[in-house]
Every structure is written in structure tokens, then in C-alpha cells.
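What follows is each chain in one-letter form.
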Amino acid sequence: MAQLNMVQAINQALADEMARDDRVVLLGEDVGRDGGVFRVTDGLQDRFGAERVLDTPLCESAIMGAAIGMAAYGLRPVPEIQFMGFTYSAFEQLFAHAARLRSRSRGRYSCPLVVRTPYGGGIKAPELHEESTEAIFCHIPGLKVVVPSGPYNAKGLLLAALRDPDPVLFLEPTRLYRMVKEEVPEGDYQLELGKARVARKGSAVTVVAWGSMLERVLRAIDGYDAEVIDLLTLNPLDLEALLSSVQKTGRAVIVHEAIKTCGLGAEIAATLAEEAMLHLRAPILRVTAPDVPVPLAKLIDQYLPGPDRIRAALDEVLKY
Amino acid sequence: MPEEVLATFQVKRVSVLNENGSADLDLMPELSADQIWRMYQLMVLSRCFDERAVSLQREGRLGTYPPIRGQEAAQVGSAFALKADDWVFPSFREMGVHLTLGYPIPQLLQYWAGDERAQKTPPQLNIFPFCVAVGSQIPHAVGAALAARYRRDSAAVAVYFGDGATSKGDFHEAMNMAGVYQLPIVFICQNNQWAISVPLKGQTASASLAQKALAYGFEGVQVDGNDVLAVYRATKQALEKATSGGGPTFLECLTYRMADHTTADDAGRYRSDEEVALWNGRDPILRLERFLAASGAWTPEQGRGVKEEATSLIDRGVGEMEAVPPPDPAELFDATLAALTPRQAGQRKGR
């Protein structure tokens, strides 16, 4: 089995699906000839032609809006927004149209598109290139939000997203793009959307993480009897996986690189408080970025939760 | 080095019928007497629908409603040129387009009564749901045009919007993309001169909206939007150009919103009675009546007959709309996703 990094795994998923289904069309800024600024779509225009891998003008809202029209017409568009910070220009299209087209048209039209966008911090990029505002998108009914944490699950989740009948926002943690290689099967496999994965088993505390934080959490928990839940899909949340782990451990720490206020950790903590209160032995803690805009490179390490802060939270809940 | 002129442009204005209903025979579109009569019927039907909708709103039987009075020629004339398999992306003020395309009257009323089940377009029509967010439907139309071309379909795409939408980014992004890819699409702007309380000169410093297309590399034409024959002619030509590989066209239908922006608005706060009276004299229905009367094809009695027929169609539509049982609360969930999330499924059961 081939050892691939996440960029290669995503590229392979796109290529396989394009070969299998001629409705799949990629569009975005620099996705064609240049193969994307992270090279995720490298070689796809050569293989499938400029009609299926469209270099668009620089226009995030029209990229998203056009993808909605294409999806309603019966295609399977995959718009790439070059960085998550640029999705804000397309936010109205995503919120007001992609996510509610099925509902507004009472099922006459659906919007099966997959928005791919690089996400998250730690790559020494300019302002708005390291955003982690996934919670905003999880607040949109009708939109699924998926975050892979490694090459294997990136391919399996993307294949599932490409076959999902509804719109999916597929967030690709840039810091992980080339960080690790894993064995990635060549053929077709899908990981079900809405299902979390137990990344490590444990019994004293549940640590919930996703995307690039997972790697930090796994490094930080050395020596702790911690169970790590890798969410993979942020909306809908796998409540069953979260509850069954916390019912076992009685403690929960949620780690995310987004800011604390109204971050996804708040939703998870509230759900655990509603549904697992009697199993809890300690307050639920969140390890997050501070409530400030994502800084440039000089302070990014102070901004992103690091192993020390994760361990401090674990020590705190384990005191109870 | 001397300064050079890189480009000069001209913008065409098209009209067929003057205000007295006299036609320029050189510009007459190819339409049979029956077809012109049908357009007349549809304009009257649109007017009757509109008047009834406004009064139903006043009685509390419809919610907030955006009147189309004055825009019947722009709507009926353009929609009359569309083929059954063309795709249509309306804004929220195109009831005349819907009626021309055969959208069921009870269903149109049902939507404005607050029942979104009515946005499920009949299967024979490729018409998108009303778009309330101004201008945001324009990129969807560009996407459909991209898809039609990818599929090698013969369909063209028409997208409707008002003058206010031309100030939005989505209009410019979509026009630009359509120009870059030379897509089979017709942008149909009903310039009704007012975006709620802001007049055209508060939306743009351009001499026309039509000329905006030139910046995106395709033709923009200003059409007398109260002249149903001119609107039809321009739309037909633009659709033929679109489907024969000639690329997009932008049509600015110069018209006027005779009524308030919506039933929640009072246009008396921002525009003069004189202006409204001026445009009353340019009524698109009167203009067509004058044209037809000149050739003996219209009499006041025939006019009354058309109106009575339209009124009875609307009466029947209102009855059918009000006989529809109210939606079940569970319908809140039913079309949100192909399969509900576990949380939605629980909420649907009241948990």
C-alpha cells in the first residue's frame, strides 16, 4: 500500500471520483494549470481537461454561487476556496443558498457540492490565511462540516463527501498537509460522515479534538490514561461517540485551535452537560485560542493550544 | 508618446411601440396576432393577480407582498421568449414571469401567504425559488449556464433582478464570470428606478445600466421596458445568441414600479406624485391596447372580456390556495437534508 501525505490522498480521492463520475467538476482560483496553491489538484486539469477543472476569475462569491447553480442543474461541483479566510466573501452564498436550497425548494432542487478549503494555523502565512472559524459554519443548518486529521481519513471522508446528497464544507488542515505519511489504500473506501473515531483508548479522561489539534493532543497525553476522540465530522456531531466515552471516563477536555467564545467546544460542553451530567466527575474544560484575531507567525505558537496547556487542563480535571 | 484611444463604445436602446401605441414596423418581432393577444392576456392576468394580492394582504390573507404593477411588459415580454427547457432564476418581483411560464396561480399565492411548500416548482418548469437576498441568485444562473454548456444542452439561462442588484458584488462577479467563459445566459434587469427609497442615481453614476456589460466583454442593451414587443424582441435575440454560442447579453428593461416596494412600504415618503403620474401615462398595458385598437384588434368590450376572464382565474386560484391544509410542524424538517441528522430527528419527535 502506498505511503501518502494528505495532499496526495486528497488528490487521489478527487482523481478517482472524477474518473468514476463525470458529474464531478472542480472550480476555483488557480486549481487548474497551477494545481492549486497547495498543489492539491495537481495534474487534474491535464488529465480531465479545462472544462472539468476550471480556473475561475478571482471571485469567491461567484465561485460558490456558480457551484450552487451547477449542483442544482445536476453536476457535482467541488469549489475550492483558496483559504478559509476567503470563504467569508462567499458566506452569503453558503448560508443563504447552498445550505437551504433543498429546504427552500421543498426538495425540488438539492445542492450536492463539496467546498474544499485549507484551514487552520501554524504555516507562517499572511493575515486571513490561518483561520479556524469552523463554528460559524456549524451554525448553518443544512451544511455538513468535515475535518480530516490524516491522509487515510482525508481520502475516505472526501469520497463520502463527494457522494453525499447535500452540501459539505471540507476543511483541510494546512499544517497537516505534508506533515505525516500514512498507508492509503488505492481503491475506493468511504468513511461515514457524522462518525467520530477513537484515536486512542483510555479510561480516566476524554479528550475531544479535530484537525491539526489531534496531532498535538496525541503528543501531549503521553503518560495520561486519556481517551482521544477525533471528531472528523463537526456537523452533525457524533453525540453517541462523545457520550459513550464521557460516560466511561467521567471527565472531558475539549481542545480546539479556534477562539473560545462560541467555539465548537461550547456546543460540545453544553451537550455533555445536558446529556451526561450524572456521569461527570469534574468540570468540562476547554483548551482554546484566546479571543483575538489569528496573529501572524511571531505569535502563532502562543495563540495555538500547545502540549503544555493541554496537559495543564488534564491535570486540572484529574484532580477531581 | 501620444495618448491613444483604446476603445470607444456605443449602447443601443430598443423600442418598438411608442407611447401612443404606434409601432416601428421595421423592428416588429415575428409574432402572430394570436401570440400578441396572448401577451396582452398575460399582462392583464399579471395586473389582476397583483391587484388581488395587494388586497388579500390588506385583508390579512397574504403576508408582505412586493407588487409588480407597471412592470408587466418587462416580465411578460421577456418570459414569452423563453423555451420550456430554459432555466429561469427569478428575484422576488417576477410574478408576471411566473404566470407567463405557467406557474400555478394557487401556488404563487400560497408562497406569499407564507407557505414555503409552494416553492417546489412544478416538474415541467426549470425555475428556481424566489430569491429574497438581492442579487444573490445571479451567480446561480451563471453556474447553471456553465452546467448547460458542460452537458451540451440546448437550454439557455435567464436571470432576473432589479436595478438595486447591480450595485451588489454578486452581480459584478457573475457578469464577469459569464463574460470570461462566454456563457449561454441572458441577464434581465428590470430597472424600475427605485431600490426601496433610493433612486437610480443613488445606485449608479453610469448613464445607463446596460453599459455595465461592456466592461465585462459582452453586449448590453437598454430596452423600453414598458414596451412588450421591444422586450420580447430583445430577449428573443439574446436567447438565440446565447444558444448559438454567441455568449451572454445584458438587457436593461427601463420601466417603473408604480406601487410601493412592498405592502409594508409607503412610496409617498420618497417620490413625488408628479413622477408617478408621468409613468401612469406610460402604462404598458394601455400602450398595447392602443396598438391593438389601431388595427381594430381591440375594443373596450374585448378588454373587459379579458379582464373578466383573468379575474375569474384569480378567483379560482384564491379559492384553491385557501383550501390547502396548513403545513404540519414536522414539515419544518422534511426537506432540510436528504437524511436528517440525529439531533434533527430527535427534535422532529419533540425531543
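Refer to the preceding data block for the structure.
Each value, and the rule that gives it
Residues numbered from 1 in each chain as written. Chains lettered and ligands numbered in written order. Predicted model: local features only at pLDDT ≥ 70, side-chain atom pairs only at ≥ 80, totals over all residues. Heavy atoms only, no water. Pairing = 2+ DSSP bridges. Helix = DSSP H or I, 4+ residues; strand = E, 2+ residues; numbered from the N terminus. Axes fitted to C-alpha atoms, helices over the stretch in contact; angles between N-to-C directions. Parallel < 35°, antiparallel > 145°, perpendicular 65-115°, else oblique. Left-handed = near helix turned anticlockwise from the far one by under 90°. Contact = heavy atoms within 4.5 Å. Nonpolar A, V, L, I, M, F, W, Y, C, P; charged D, E, K, R; others polar. Patch = residues over 30% accessible without salt bridge, like charges linked within 9 Å, V, L, I, M, F, W, Y side chains within 5 Å. Areas by Shrake-Rupley, 256 points an atom, 1.4 Å probe, with all protein chains shown as cover. Salt bridge = Lys/Arg side-chain N within 4 Å of Asp/Glu carboxyl O. Phe/Tyr/Trp six-rings, centres within 6.5 Å; stacked < 30°, edge-to-face > 60°. Buried < 20%, exposed > 50% of the residue type's maximum accessible area, 1.4 Å probe, protein only.

Student: Can you help me understand the sheet that holds strand S10 (residues 205–209) of chain A in this one?
Tutor: Adjacent strands of a sheet pair through backbone hydrogen bonds, lying either parallel or antiparallel. Residue and element names in this part refer to chain A. The strand order S9-S11-S10-S13-S14 describes an open sheet built from five strands, whose pairing is mixed. Strand pairing shows two members of the sheet lacking a second neighbour, strand S9 (197–200) and strand S14 (285–289), which therefore form its edges. If you compare each strand with its neighbour and ignore which way they point, the axes differ by 25° on average. The sheet contact formed by strand S13 (residues 252–259) and S14 spans four bridges and is parallel. Among the inter-strand pairings, Val255 is bridged to a residue of S14, identified as Val287.

Student: What exactly am I supposed to notice about the packing of helix H5 (residues 138–150) of chain B against helix H6 (residues 169–181) of chain B here?
Tutor: A packed helix pair is summarised by two numbers, namely the angle formed by the two axes and the spacing between the axes. Residues and elements named next belong to chain B. Between H5 and H6, the shortest axis-to-axis distance is 8 Å and the interhelical angle comes to 20°. When the axis of H5 is compared with that of H6, the two are roughly parallel. Crossing of H5 over H6 shows left-handed handedness. The residues of H6 that touch H5, namely those facing Ile138, Pro139, Val142, Leu146 and Arg149, are Asp170, Phe171, Ala174, Met177, Ala178 and Tyr181. Its residues assigned to classes, the contact of H5 with H6 shows nine nonpolar, no polar and two charged.

Student: Honestly, a nonpolar patch on the surface in this entry has me stumped. Any pointers?
Tutor: On the surface, Tyr88, Leu128 and Ile136 of chain A cluster together into a nonpolar patch covering about 230 Å² of accessible area. With respect to the helices, strands and loops of the structure, Ile136 of chain A is situated in helix H6 (residues 134–138).

Student: Quick question: what am I supposed to make of the packing of aromatic side chains here?
Tutor: Between two aromatic rings, the relevant description is the distance of the centres plus the angle of the planes. One pass over the full model with this rule turns up 24 aromatic pairs over all chains. With a centroid separation of 6.4 Å and an interplanar angle of 25°, the aromatic rings of Trp87 of chain B and Phe89 of chain B are classed as stacked. On the basis of relative accessibility, which here comes to 7%, the residue Trp87 of chain B falls in the buried class. Taking the centre distance of 5.3 Å and the plane angle of 40° together, the rings of Trp194 of chain B and Tyr270 of chain B count as tilted. Highlighted residues: Trp194 of chain B in strand S6 (residues 194–195) and Tyr270 of chain B in the loop between strand S9 (249–254) and helix H8 (273–280), separated in sequence by 76 residues. The exposure class assigned to Tyr270 of chain B is buried, which follows from its relative accessible area of 18%. Every member of this aromatic cluster is reached through a ring pair, and the members are Tyr73 and Tyr109 of chain A together with Trp87, Phe89 and Phe128 of chain B.

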